[in-house]
Amino acid sequence: MRAVATGLACLTISASAAFAEADDDKTAKPAIPNIYLDLRTIYAMVPAGTLGLGFGNTSVSSAIQALALRGGATLPNGLPAAKSIAVDLPLTVDVSDRVSLYGGVSGSTIDVGGGWSSFDITSWNIGVQADLYQQNGGKIPTITLQSTLTQSVPNEQGMTNSFNNILEFDYALDEDETRGWLAGIQYTTTAIASPFASIRPNTILYAGGYYQWPSNWKFTGRLGMQSFGGAQFAGRALAESFTHPVLRLDLDRMDDNDNRLFGITAQIAWTPKASYQLTLRTPLYAVRN
């Protein structure tokens, strides 16, 4: 935690220094970062015997992990099939066109066959997304790193800490970067505050592409292979290991400066049975450049 906080502070200071040095003209107006709540509403259907896995890092996975670990002793047949509605509220600051910082809370409600639970705060997260290299018309693709630390709530026996890292390569096929190819890797590790439980790492290797129309609607598709090491509680398997495909499709409405105005994401992950996830993104801007 201290290492992540220190890293974010350094990135913020570096970004501020970059703004100060970018323009020596004293009459120029200073750049103001985008500031917004990146509101995400998620509906997920997860089959029995697995966790809410796939692209990204949302409260769905944290909520089902909490169900598994706190209720593990009372689930003789393993994890039941579950439906979940979750809301992620990360406050996001685009400190430059290369670096974004974010942090916030997530809440969810779950139905495992006996009706919906009460809606509770289930996790908080903090993270950074940074372009390590930008293509800018060259031959080397843009390289982006996104790292997110998520901790389940409340802070008690069985709580989880997840660290999710995504390294993505974006090769644009035109100068305006309205179409191109994607490739990347996502790696997630989870630590559990319990000597009786463990969740092994989850890895996704994927490729895809995107196209943005003149109307500023943008479509992105990613297809990958997901490999999960399994989860155990008290020496028995709560979720088996697997290696199966995962598909994610995004449709976004952008403005002329590539700020997202609205987005919808559909995901199918075979875990090994199919799980489904639908996400609505409705950013609430305090400042939008």
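Given the structure is predicted, the values throughout are model-derived calculations rather than measurements.

Calculation rules
- Residues numbered from 1 in each chain as written.
- Predicted model: local features only at pLDDT ≥ 70, side-chain atom pairs only at ≥ 80, totals over all residues.
- Heavy atoms only, no water.
- Helix = DSSP H or I, 4+ residues; strand = E, 2+ residues; numbered from the N terminus.
- Buried < 20%, exposed > 50% of the residue type's maximum accessible area, 1.4 Å probe, protein only.
- Contact = heavy atoms within 4.5 Å.
- Phe/Tyr/Trp six-rings, centres within 6.5 Å; stacked < 30°, edge-to-face > 60°.
- Lys NZ or Arg CZ within 6 Å of the ring centre and 35° of its normal.
- Core = buried A, V, L, I, M, F, W, Y, C linked by side-chain atoms within 4.5 Å.
- 1 Å grid on protein atoms, 1.4 Å probe; cavity = no way out; pocket = protein on both sides within 12 Å on 5 of 7 lines; lining within 4 Å.
- Points joined across faces, edges and corners; volume = space filled by probe spheres on them.
- Nonpolar A, V, L, I, M, F, W, Y, C, P; charged D, E, K, R; others polar.
- Salt bridge = Lys/Arg side-chain N within 4 Å of Asp/Glu carboxyl O.
- Pairing = 2+ DSSP bridges.
- Axes fitted to C-alpha atoms, helices over the stretch in contact; angles between N-to-C directions.

Draft legend 1. Just the overall build of the protein, in detail. Along the protein, the regular secondary structure elements total two helices and 17 strands. In the protein, which comprises 289 residues, the share counted as buried stands at 43%. Expressed as a percentage of contacts within the protein between residues at least 6 apart in sequence, the contacts between residues at least 24 apart total 58%.

Draft legend 2. Quick peek at the packing of aromatic side chains. Using the criterion set out here, one finds four aromatic pairs in the structure. Their ring planes at 85° and their centres at 5.2 Å tell us that Phe55 and Tyr206 sit as a pair that is edge-to-face. With Phe55 in the loop between strand S2 (40-46) and helix H2 (59-70) and Tyr206 in strand S10 (residues 202-212), this residue pair connects regions lying 151 residues apart in the sequence. As far as the burial class goes, Phe55 and Tyr206 line up, both buried. Lys218 extends its terminal NZ or CZ atom over the ring of Tyr210, reaching a point 4.8 Å from the ring centre. Seen from the ring of Tyr285, Arg288 lies directly overhead, with NZ or CZ sitting 5.5 Å from the centre.

Draft legend 3. Inspection of the nonpolar core at higher detail. Ranked by size, the top nonpolar core spans twelve residues in total: Leu51, Leu53, Leu79, Ile192, Ala197, Ile199, Phe228, Ala231, Phe233, Leu238, Ala239 and Phe242. Those elements that place two or more of their residues in this core are strand S9 (197-199), strand S12 (231-233) and strand S13 (236-239). Excluding residues that lie within four positions of it along the chain, Phe242 makes contacts with Thr50, Leu53, Gln226, Ser227, Phe228, Trp270, Thr271 and Pro272. By size, the runner-up hydrophobic cluster in this structure holds six residues, among which are Phe55, Tyr206, Val246 and Ala269.

Draft legend 4. Representation of empty space enclosed by the protein in the model. Per the stated rule, a full pass over the model turns up two cavities of 30 Å³ or more. Estimates place the volume of the second largest cavity at around 50 Å³. As for the second largest cavity, its lining consists of eleven residues, and the residues nearest its centre are Val46, Gly52, Ser275, Tyr276 and Gln277. Those elements that provide at least two residues to the lining of the second largest cavity are S2 and strand S16 (274-281). Split by residue class, the lining of the second largest cavity holds seven nonpolar, four polar and no charged.

Draft legend 5. Here's a closer look at the pattern of salt bridges. Applying the stated criterion across every chain yields a total of nine salt bridges. Between Arg260 and Asp252 there is a salt bridge, with the nearest N and O atoms lying 3.0 Å from each other. For Asp252, a relative accessible area of 6% translates into the label buried. Salt bridges sharing common partners tie together Asp38, Arg40, Asp88 and Arg281.

Draft legend 6. The arrangement of the sheet that holds S13 in detail. Across the sheet, which stays open at both edges, the three strands sit in the order S9-S12-S13 with antiparallel pairing between neighbours. Since the sheet does not close on itself, it has two edges, and those belong to S9 and S13, each with one partner. Adjacent strand axes in the sheet meet at a mean angle of 25°, parallel and antiparallel pairs treated alike. Pairing of S12 with S13 involves three bridges; the strand directions are antiparallel. Paired with Gln232 across the strands is Ala237, a residue of S13.

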